[in-house]
Amino acid sequence: RPAEIMAPLSRVMCQVCLAEAQALTTFRASQRAGSSGPLLAALHAGAAELYEKAAKIIRDYIGDYAIASDRLRRYTAIGSSLSTARAHKVLASELLAKSEAGQAERACLEAQQLLGACMSAADVDGSWRDVLQQELADVQRIKKPIESDRLIVYCQPLPRDASQLPAAKVLVSPVPYQLEKISSTTAELA
């Protein structure tokens, strides 16, 4: 039987689609003027959580049969790490606004570390690398003024651990499919 018709892979694809929808929701929320940094970080963390659920399903069923391709496994790992890195990036800007430059720089470093892991996982596929390099450039662009502010303006030490991300907030949910009954007039037209 093809793997696509097996229930575990269907659950994986459902979680991946939800994660993509959550990422899109987060992007749309970031375009709104009133969206706060903690909200955006929580939405990014929600997307990462959905990718992790998909990865867990893959790990749980990998012993029985190879339900997912290596590319799908890498995709869920990269999606989770990328969403978490974006949450740290958003949080860094928010922390700097609160005059916590040390924590902001640590959040940027955490994002860079996650994106570095993504880059090594994406070395096989060049299309992923472009997105990841752009995201890494954005983090470095944000980190540069934060670092100078931390050293010159705030004189704060660089903390050892990054501040914790806000609790994940998932706004998307699956919509169950309902088969519509074909009326007799519709059947006659067909």
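Going along each chain's sequence as written, the residues are numbered from 1 onward. Since the coordinates come from a predicted model, pLDDT governs what is reported: local features require at least 70, and pairs of side-chain atoms require 80 or more to be given and counted, while whole-chain, interface and lining totals use all residues. Processing note: side-chain calculations cover all non-hydrogen atoms of the structure and skip hydrogens and water entirely.

Engineer: Can you explain the packing of aromatic side chains? Please cite residues and give values.
Structural biologist: Stacked, edge-to-face and tilted labels apply to pairs of Phe, Tyr and Trp rings (six-membered ring for Trp) whose centres lie within 6.5 Å, assigned for plane angles under 30 degrees, over 60, and everything in between, in that order. For the coordinates displayed, the defined rule picks out two aromatic pairs. An angle of 80° between the planes, with centres 5.9 Å apart, marks the rings of Tyr51 and Tyr75 as edge-to-face. Highlighted residues: Tyr51 in helix H2 (residues 37-61) and Tyr75 in helix H3 (residues 70-97), separated in sequence by 24 residues. The exposure class assigned to Tyr51 is buried, which follows from its relative accessible area of 4%. The exposure class assigned to Tyr75 is partly exposed, which follows from its relative accessible area of 25%. Through successive ring pairs, a cluster of aromatic residues spans Tyr51, Tyr75 and Trp128. Under the DSSP-based scheme used, a helix requires at least four consecutive residues in state H or I and a strand at least two consecutive residues in state E, with every element numbered from the N terminus. Relative accessibility under 20% of the residue-type maximum defines a buried residue, over 50% an exposed one, and the middle range a partly exposed one, all with a 1.4 Å probe and only protein chains included.

Engineer: Talk me through a nonpolar patch on the surface; I want residue IDs and the actual numbers.
Structural biologist: Note on patches: the residues involved have over 30% relative accessible area and no salt bridge, like charges join within 9 Å, and the nonpolar side chains Val, Leu, Ile, Met, Phe, Trp and Tyr join within 5 Å. Only the protein chains shown count as cover for residues, and all accessible areas are computed by the Shrake-Rupley method using a 1.4 Å probe. Salt bridges are counted wherever a side-chain nitrogen of Lys or Arg sits within 4 Å of a carboxyl oxygen of Asp or Glu. Side chains of Leu151, Ile152 and Val153 sit close together on the surface and give an oily, nonpolar patch of about 320 Å² of accessible area. Accessibility expressed as a relative area gives 66% for Ile152, which makes it exposed.

Engineer: Explain helix H1 (residues 7-31) to me, using residue names and the numbers behind them.
Structural biologist: Helix span is expected to be 1.5 Å times the residue number reduced by one. Between its first and last C-alpha, H1 extends 36 Å over 25 residues, near the 36 Å set by a 1.5 Å rise per residue. Of all the positions in H1, only Pro8, Leu9, Val12, Gln15, Val16, Leu18, Ala19, Gln22, Thr26 and Ala29 are classed as buried. We call two residues contacting when some pair of their heavy atoms lies within 4.5 Å. In this structure, the buried side of H1 is in contact with H2 and H3.

Engineer: Provide a residue-level description of the pattern of salt bridges, including the pertinent values.
Structural biologist: Counting across every chain of the model gives six salt bridges. Between Lys56 and Asp60 there is a salt bridge, and its shortest N-O distance comes to 2.9 Å. Of this pair, Lys56 and Asp60 are both found in helix H2, four residues apart, which corresponds to roughly one turn of the helix. When salt bridges that share partners are traced, they join Arg86, Lys89 and Glu135 into one network.

Engineer: Tell me about the side chain of Lys89, and please be specific about residues and values.
Structural biologist: With respect to the helices and strands, the residue Lys89 is situated in helix H3. Given a relative accessible area of 16%, Lys89 falls into the buried group. Under this definition, polar contacts are N or O atom pairs within 3.5 Å; protein pairs additionally need one hydrogen-donor-capable and one acceptor-capable atom, and for neighbouring residues in sequence, both atoms have to be side-chain atoms. Engagement of the side chain of Lys89 in a polar contact is seen with the side chain of Glu135, the distance being 2.7 Å.

Engineer: Outline the nonpolar core, listing residues and values.
Structural biologist: What we call a nonpolar core is a set of buried Ala, Val, Leu, Ile, Met, Phe, Trp, Tyr and Cys residues that are connected through their side-chain atoms within 4.5 Å. Grouped together as the largest cluster of nonpolar side chains are 21 residues, with contacts concentrated most on Ile78, Ala92, Cys108, Leu115, Leu132 and Ile146. The set of elements that each furnish at least two residues to this core consists of H3, helix H4 (101-121) and helix H5 (126-154). Element by element, the count of residues in this core is highest for H4, at eight residues. Core analysis: the second largest hydrophobic core is formed by eight residues, Val16, Ala54, Ile57 and Ala68 among them.

Engineer: Give a detailed account of H5, specifying residues and quantitative values.
Structural biologist: An ideal rise of 1.5 Å per residue puts 42 Å on 29 residues; H5 measures up with 40 Å between its terminal C-alpha atoms. Turning to H5, its buried residues number three or more, namely Trp128, Leu132, Glu135, Leu136, Asp138, Val139, Ile142, Lys143, Ile146 and Arg150. Of the surrounding elements, those touching the buried residues of H5 are H3 and H4. Cys155, located one to two residues past H5, shows a positive phi value of around 50°.

Engineer: Lay out the environment of Tyr61 in plain terms, naming residues and giving numbers.
Structural biologist: Mapped onto the secondary structure, Tyr61 falls in helix H2. Taking the C-alpha atoms as reference points, Tyr61 and Pro8, separated by 53 residues in sequence, lie 7.3 Å from one another.

Engineer: So what's going on with the packing of H1 against H2? Residues and values would help.
Structural biologist: Axes are the key here: two packed helices are described by the angle between their axes and the distance separating the axes. A fitted line through C-alpha atoms represents every axis, and for helices the fit uses only the stretch in contact; the resulting angles, taken between N-to-C directions, go from 0 to 180 degrees. Two numbers describe how H1 lies on H2: the axes approach to 9 Å, and their chain directions differ by 170°. Between H1 and H2, the angle falls in the class roughly antiparallel. Its residues assigned to classes, the contact of H1 with H2 shows 16 nonpolar, six polar and three charged. Angles below 35 degrees are treated as roughly parallel, those above 145 as roughly antiparallel, those between 65 and 115 as roughly perpendicular, and all remaining angles as oblique. Three classes are used: nonpolar for Ala, Val, Leu, Ile, Met, Phe, Trp, Tyr, Cys and Pro, charged for Asp, Glu, Lys and Arg, and polar for all others, with Gly counted as polar.

Engineer: Residue-level account of the environment of Leu43, with values.
Structural biologist: Assignment of secondary structure puts Leu43 in helix H2. The class for Leu43 is buried, based on a relative accessible area of 1%. A sequence separation of 54 residues divides Leu43 from Ala97, and the C-alpha atoms of the two residues are 20 Å apart. Contacts of Leu43, omitting those with residues within four sequence positions, involve Gln22, Thr26, Ala29, Lys169 and Leu171.

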